[in-house]
Amino acid sequence: MIELLSSPTTSQWLTILSMYGWIWIIPLIERLKPLKHQSFIRKGMVNDVIHTYHRLHLHSMINIVFVTWMLTYLRENGTQSLPYQGVLADAHWAWNMFALLLMGHVTFYVAHLLSHKIPFLWQFHRVHHSSVKLDSLSTSRFHIVDKALFAAPYLILVAYFQPDPGLTFLYISFRDFWGRYSHGNISDAHWLGYFMSNPKFHRWHHSNHPEAIDKNFSAEFNFLDYIFGTAYYPKDGIPDTFGESDYSNNILIQHLRPFIDIFRLIQTQGLRSAIWKDSATNTAKPTPQAGNNGQ
Ligand SMILES: [Zn+2]
Ligand SMILES: [Zn+2]
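Predicted, not measured: the structure shown is a model, and the values here were computed from it.

Student: Any chance you could explain a nonpolar patch on the surface here in plain terms?
Tutor: Together, Trp95, Phe98, Leu102, Val106, Val110, Leu114, Phe223, Ile227 and Phe228 make up an exposed nonpolar region whose accessible area comes to about 890 Å². Taken together, the elements giving at least two residues each to the nonpolar patch come down to α5 (93-117) and α10 (223-227). It is α5 that contributes the most residues to the nonpolar patch, six residues altogether. Tracing the sequence through the fold places Phe223 in helix α10.

Next up, the structure:
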């Protein structure tokens, strides 16, 4: 099985599906089974397609620097015998899959939680939350710094435990598919949201409804949200207001604005305000818009 998954043909197919498959198949499913009726053509759509296909890959470069630094550090410090280092290299494929899913879930949950709770990180993550209409194309709207910070902890664990490369690639492809699915305007079974981040579950995360602010941090499986009390998944109702209507839909401005906002935050409220969110003066989330009761 591992040989099949590791083969260049499988990798090529998964790459094609990630690049062109899910991106254009899921919008078709959105038309067939919409959660809410909304038009395919929307403001910010071109911007989101550019986010999907721009090849700057600065986030990948940042991540490569991270991983290279870690591997060099481990080597130079004679750390071949560090506990469990490389333990997945010879493990059964089932253990590899289990470890990949667990590492993916834990690192995503923690990185996502921090990107909401730490004000300067929020300014980068805010780009992803700026979409006022949510569909699968909005999945790609990410600041490159945000994307790099989300991926870095996972890559460090992969570099350390060394799971099978074929299975790692399969997991990354699955995560790519599920990210597009969970942002999709798709109606699916309600029970799915009790163990996976389905479209309805993740819509609450993007919503401006006060009761859902800083909830539902998970991607794919969502048991950590239920364990740590950050799940919000009412049986009835679908959120209907998202994002910030005055945030730019221009990818260049979206990449520049967080730096300006962080600079202004430090200038007006001091360095501490960029690192620690004062719950009394919640500056990290946009003000919920008026009339946002989608239930
Ligand atoms: Zn978020
Ligand atoms: Zn999202």
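Student: Mind showing me how you'd approach the coordination of the zinc ion (ligand 2) here?
Tutor: The expected angle between donors at a tetrahedral four-coordinate metal is 109.5 degrees. At an octahedral six-coordinate metal it is 90 or 180 degrees. Those protein atoms acting as donors to the zinc ion (ligand 2) are His128 (NE2), His183 (NE2), His202 (NE2) and His206 (NE2), and they sit at 2.1 to 2.2 Å. Coordination at the zinc ion (ligand 2) is irregular, judged from the four donor atoms that bind it and the angles of 88 to 166 degrees they form at the metal. In the primary sequence, the donor residues of the zinc ion (ligand 2) line up as H-x54-H-x18-H-x3-H. Separating the zinc ion (ligand 2) from the zinc ion (ligand 1) is a distance of 5.7 Å. You can see His202 and its partner His206 sitting in helix α9 (residues 199-206), four residues apart, about one turn around the helix.

Student: Teacher, can you tell me more about the nonpolar core here?
Tutor: The tendency in soluble globular proteins is for nonpolar side chains to be buried side by side. Grouped together as the largest cluster of nonpolar side chains are eight residues: Leu88, Ala99, Leu100, Met103, Tyr154, Val158, Leu167 and Tyr171. No other element matches the three residues that α5 contributes to this core. The contact partners of Val158, leaving out residues within four places of it in the chain, are Met103, Pro163 and Thr168. By size, the runner-up hydrophobic cluster in this structure holds seven residues, among which are Ile26, Trp178, Tyr181 and Leu192.

Student: Got a minute to help me understand the coordination of the zinc ion (ligand 1) in this structure?
Tutor: His112 (NE2), His116 (NE2), His125 (NE2), His129 (NE2) and His205 (NE2) make up the full set of protein donors to the zinc ion (ligand 1), lying at 2.1 to 2.2 Å. In the primary structure, the donors to the zinc ion (ligand 1) are separated according to the pattern H-x3-H-x8-H-x3-H-x75-H. Judged by its relative accessible area of 0%, His125 is buried.

Student: Would you mind going over the packing of aromatic side chains with me for this structure?
Tutor: Describing an aromatic ring pair means giving the distance of the ring centres and the angle of the ring planes. Under the criterion given, the structure shown has 17 aromatic pairs. Aromatic pair Phe201 and Tyr233: ring centres 5.7 Å apart, planes at 55 degrees, arrangement tilted. Here Phe201, found in helix α9, pairs with Tyr233, found in the loop between α10 and α11 (251-269); they are 32 residues apart in sequence, far enough to count as distant. By relative accessible area, Phe201 is classed as buried at 0%. You can call Tyr233 buried: its relative accessible area is 9%. One aromatic cluster is present, formed by Phe174, Phe177, Trp178 and Tyr181 through successive ring pairs. Here Arg175 stacks its cationic end above the ring of Tyr154, 5.3 Å away from the centre of that ring.

Student: What is the right way to read the pattern of salt bridges from this model?
Tutor: Two side chains with opposite charge may pair up if their charged atoms get near one another. Within the structure shown, the criterion is met by nine salt bridges. With a closest N to O distance of 2.8 Å, Arg42 and Asp48 form a salt bridge. We note that Arg42, like Asp48, is buried. As a salt-bridge pair, Asp214 and Lys277 come within 3.3 Å of each other at their nearest N and O atoms. Separated by 63 residues along the polypeptide, Asp214 in the loop between α9 and α10 and Lys277 in the segment after α12 (271-275) bring together distant segments of the chain. Both residues of the pair, Asp214 and Lys277, count as buried. Salt bridges linked by common partners bring Arg42, Asp48, Asp135 and Arg141 together as one network.

Student: Help me understand helix α7 (residues 144-161) in this model?
Tutor: Because the α-helix completes a turn every 3.6 residues, residues three or four places apart line up on one side. In a regular helix each residue adds 1.5 Å, so 18 residues correspond to 26 Å; α7 covers 26 Å between its end C-alpha atoms and thus fits that length. The principal kink in α7, of about 35 degrees, is found at Ala152, preceding the proline Pro153 by one to four residues. Taken together, the buried positions of α7 are Ile144, Asp146, Ala148, Phe150, Ala152, Tyr154, Val158, Ala159 and Tyr160. Just past α7, the residue Gln162 takes up positive phi, approximately 55 degrees.

Basis of the calculations
Along each chain, residue indices are assigned from 1 in the same order as the chain's sequence is written. Note on labels: chains are lettered from A, ligands numbered from 1, in written order. Only residues with pLDDT of 70 or above have their local features reported here, since the model is predicted, and side-chain atom pairs are shown and tallied only from 80 upward, although totals for entire chains, interfaces and linings are computed over all residues. Where side-chain values are given, they derive from all heavy atoms of the structure, hydrogens and water being excluded. Each patch is built from salt-bridge-free residues with over 30% relative accessible area, joining like charges within 9 Å and nonpolar side chains (Val, Leu, Ile, Met, Phe, Trp, Tyr) within 5 Å. Computed with a 1.4 Å probe, the accessible areas rest on the Shrake-Rupley method; for each residue, only the protein chains presented here act as cover. Salt bridge criterion: a side-chain nitrogen from Lys or Arg within 4 Å of a carboxyl oxygen from Asp or Glu. In this text, helices come from DSSP runs of H or I with a minimum length of four residues, and strands from runs of E with a minimum of two, each type numbered from the N-terminal end. Each metal's donors comprise the N, O and S atoms found within 2.8 Å of it (within 3.2 Å for Na, K or Ca). Water is not part of the atom list, so some coordination spheres may appear incomplete. Under the classification used here, a metal with four donors is tetrahedral if each angle lies between 85 and 135 degrees, square planar if opposite donors are over 155 degrees apart and the others between 65 and 115, a six-donor metal meeting that same test is octahedral, and anything else is irregular. Working definition of a nonpolar core: buried Ala, Val, Leu, Ile, Met, Phe, Trp, Tyr and Cys residues. They are joined through side-chain atoms within 4.5 Å. To sort residues, take the accessible area from a 1.4 Å probe on protein chains only and compare it with the maximum for the residue type: under 20% means buried, over 50% means exposed, and anything in between is partly exposed. In this description, contact between two residues means that some pair of their heavy atoms is separated by no more than 4.5 Å. Note on aromatic contacts: the rings of Phe and Tyr and the six-membered ring of Trp form a pair at centre separations within 6.5 Å, being stacked when their planes are under 30 degrees apart, edge-to-face when over 60 apart, and tilted otherwise. In this scheme, the term charge over a ring applies when either NZ of a lysine or CZ of an arginine sits within 6 Å of the ring centre and within 35 degrees of the ring normal. The span one expects for a helix is its residue count, reduced by one, times 1.5 Å. Take the seven residues that end at a residue and the seven that start at it, fit an axis to each, and the angle between those axes is the bend at that residue.

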